[in-house]
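Single-letter residue listing:
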Amino acid sequence: MTFALPAARRYALRQARVLGRMLPKLIPPLDFDGFATVDIFVDEGAITKILPAGVDDFGETPEVAMSGRIVLPLFVDVHTHLDKGHIWRRKRNPVGDFPSALAATLEDRSANWSAADVAARMEFSLRCAYAHGTTAIRTHIDSVGPQTRISWPVLAEARERWLGRIDLQASPLFTIDHLANASHLADIEAMLDAYGTGILGAAIRMEPGLRDGLRILFELAERKGWELDFHVDESSDPAARSLKVVADVAIERRFARPILVGHCCSLALQEDDERRRTVDAVARAGLSVVSLPMCNMFLQDRQTGRTPRWRGVTALHELKRAGVNVMIASDNTRDPFYAYGDMDMMEVWREGVRILHLDYPFADWAEAVSASPAKAMGLDPGVLHPGSAANMILTKARDFTELLARPQSDRVVVRNGEASNAKPPDYAELDALEGLAP
Ligand SMILES: [Zn+2]
């Protein structure tokens, strides 16, 4: 079966399964997995009403029989690297670990990342994400040396081009030691003023200049009214505790804008007491935490010839239990940090469920790919509600195992009431770029 949406701009999805918690108000009864069965009315690209199945007369309204199939909100991908994506073929990671990923990427960056190269690869990733049903993306932009002034104008052009289709946010990425160079921060500030989206960020780890570096970044963010986004403790060393430092600094300074932290891998390997103190501080500071399960499992605990012993992911359940806004995202796509990926949040969700045990109950974690990252990005809450654009994903699954057992390659992405025919681009389109020919 396929879901053929009527050509009419007005129709009703009959007997669709939608998670009760993703509806603006509860529509009982909910099934075992937490789904309500509802009729969704669409008119001129907007959802006009969502009612318990069968309570309203459809009259002349064309119907689409969903027969209990699941309808999802569009996805939000809050941590990506669009500037690094798809360089794998010309710059592989020779062993698959973090130091090799970093070294390979730096080499490729200085050799090949012209504005045209970054723009083409960014566009490729955005088309993938769009085809898979993503509505908002935050990307990190490598912002070091001459690259800063090359990449930010490219980001701003992409953001402009995708306006109304994908809401694109960006945060600069550099390590704290670059702050020793006075022109570095001036460059960042100038680029963010001209092309940024009000988010400042960096990659942090335990290092002598950590507190000073954070003070400089918090001060700049406070002066500008910017949000913050950090790569934190992407490491298997339990002594990597910069997450606690960020939380403490945010509390001390009473920082009022949103802060998102990504990775925080080492938190999972710390002693229980230590972890508890950090989780409490993260909750008190109001940080949001994004785990990157596919990339973490790829890079962490990798030693040639030795089977990995841990999955590389942070203590996401403990953070959630403490009331922290938690979520998962893509991270890298076909680059030395992660050899795979397609900017497909359905894949991230599938893999996240397996790697992080985001099940039992499944419904508790479904928001980790939509509502929770939307909240972290300050966007629409990712629920289906009357008055909003008819943006949704129609699947053939009727429960969570049907949804998560298959890749949902036959999902229908509906934007403004119309079925999208967008497909992920052919890899051959990248062949024209320097060094990417087959
Ligand atoms: Zn990252």
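The structure under discussion appears in the preceding block.
Attention in this report is confined to the structure presented alongside it. All of these numbers come straight from a predicted model, not from anything done at the bench.

**What about the pattern of salt bridges?**
Inference 1: For the structure shown, the criterion picks out 37 salt bridges.
Inference 2: A salt bridge links Arg 90 to Asp 117; the nearest nitrogen and oxygen atoms lie 2.9 Å apart. One end of the pair, Arg 90, is in the loop between β6 (75–80) and α1 (98–112); the other, Asp 117, is in helix α2 (residues 115–132), with 27 residues separating them in the sequence.
Inference 3: With relative accessibility at 14%, the residue Arg 90 sits in the buried group.
Inference 4: The residue Asp 301 makes a salt bridge to Arg 306 at a minimum N-O spacing of 3.0 Å.
Inference 5: For Asp 301, a relative accessible area of 13% translates into the label buried.
Inference 6: The exposure class assigned to Arg 306 is partly exposed, which follows from its relative accessible area of 30%.

**A few points about the packing of aromatic side chains**
Inference 1: Taken as a whole and judged by the stated rule, the model has 13 aromatic pairs.
Inference 2: Their ring planes at 85° and their centres at 5.5 Å tell us that Phe 298 and Tyr 338 sit as a pair that is edge-to-face. Of the two residues, Phe 298 is situated in helix α8 (residues 293–299) and Tyr 338 in the loop between β13 (325–328) and α10 (345–356); the sequence distance between them amounts to 40 residues. Each member of the pair, Phe 298 as well as Tyr 338, carries the same accessibility label: buried.

**Some details on the pairing of strand β11 (residues 259–263)**
Inference 1: Most of β11 sits out of view: 5 of its 5 residues are buried.
Inference 2: In this sheet, β11 lies alongside strand β10 (residues 227–232) in parallel orientation, the contact comprising 5 bridges. Residue Leu 228 lies in a different strand from β11, and its bridge partner there is Ile 259.
Inference 3: For the crossover from β10 across helix α6 (residues 242–253) to β11, the handedness is right-handed.
Inference 4: Strand direction decides the pairing type here: β11 and strand β12 (residues 288–291), joined by 3 bridges, are parallel. Looking at β12, one finds that Val 261 is bridged to Val 289.

**Re the sheet that holds strand β14 (residues 392–394)**
Strand pairing in a sheet is mediated by backbone hydrogen bonds. Such pairs are either parallel or antiparallel.
Inference 1: If you walk across this open sheet you meet the 4 strands as β5-β14-β15-β16, and the pairing is antiparallel. On the outer flanks of this sheet lie β5 (71–72) and β16 (418–419), each paired with one strand and no other.
Inference 2: Note that β5 and β14 share 2 bridges and pair antiparallel. In the strand pairing of β14, Val 71 is matched with Leu 394.

**Quick notes on the packing of α2 against helix α3 (residues 147–161)**
Relative orientation and spacing of two packed helices are given, respectively, by the angle between their axes and the distance between those axes.
Inference 1: Two elements in contact, α2 and α3, have axes whose closest approach is 9 Å; the angle formed by their N-to-C orientations is 40°. The hand of the α2/α3 crossing is right-handed. For the pair α2 and α3, contact is made by Ala 115, Val 118, Ala 119, Met 122, Glu 123 and Leu 126 and by Gln 147, Ile 150, Ser 151, Val 154, Leu 155, Ala 158 and Arg 161, respectively.
Inference 2: Residue classes in the contact of α2 with α3 are distributed as 9 nonpolar, 2 polar and 2 charged.

**Things to note about the side chain of Gln 147**
Inference 1: Checked against the element boundaries, Gln 147 lands in helix α3.
Inference 2: In this structure Gln 147 comes out as buried when scored by relative accessible area, which is 5%.
Inference 3: Within the local environment of Gln 147, its side chain forms a polar contact with the backbone oxygen of Trp 113, the two atoms lying 3.3 Å apart.
Inference 4: Leave out the neighbours within four places in its chain, and Gln 147 touches Arg 109, Trp 113, Val 118 and Asp 142.

**Thoughts on the nonpolar core**
Inference 1: Formed by 128 residues in total, the largest nonpolar core has its most connected members in Phe 230 and Trp 349.
Inference 2: Setting aside its immediate chain neighbours within four residues, Phe 230 contacts Ala 202, Ile 204, Leu 214, Leu 217, Phe 218, Val 246, Ile 259, Leu 260, Val 261 and Gly 262.
Inference 3: Within the second largest apolar cluster, 11 residues are counted, among which are Leu 260, Val 290, Leu 292 and Ala 374.

Rules used throughout
- Residues numbered from 1 in each chain as written.
- Predicted model: local features only at pLDDT ≥ 70, side-chain atom pairs only at ≥ 80, totals over all residues.
- Heavy atoms only, no water.
- Salt bridge = Lys/Arg side-chain N within 4 Å of Asp/Glu carboxyl O.
- Helix = DSSP H or I, 4+ residues; strand = E, 2+ residues; numbered from the N terminus.
- Buried < 20%, exposed > 50% of the residue type's maximum accessible area, 1.4 Å probe, protein only.
- Phe/Tyr/Trp six-rings, centres within 6.5 Å; stacked < 30°, edge-to-face > 60°.
- Pairing = 2+ DSSP bridges.
- Right-handed = clockwise from strand over helix to strand, strands pointing away.
- Axes fitted to C-alpha atoms, helices over the stretch in contact; angles between N-to-C directions.
- Left-handed = near helix turned anticlockwise from the far one by under 90°.
- Contact = heavy atoms within 4.5 Å.
- Nonpolar A, V, L, I, M, F, W, Y, C, P; charged D, E, K, R; others polar.
- Polar contact = N/O pair within 3.5 Å; in protein donor to acceptor, adjacent residues only side chain to side chain.
- Core = buried A, V, L, I, M, F, W, Y, C linked by side-chain atoms within 4.5 Å.

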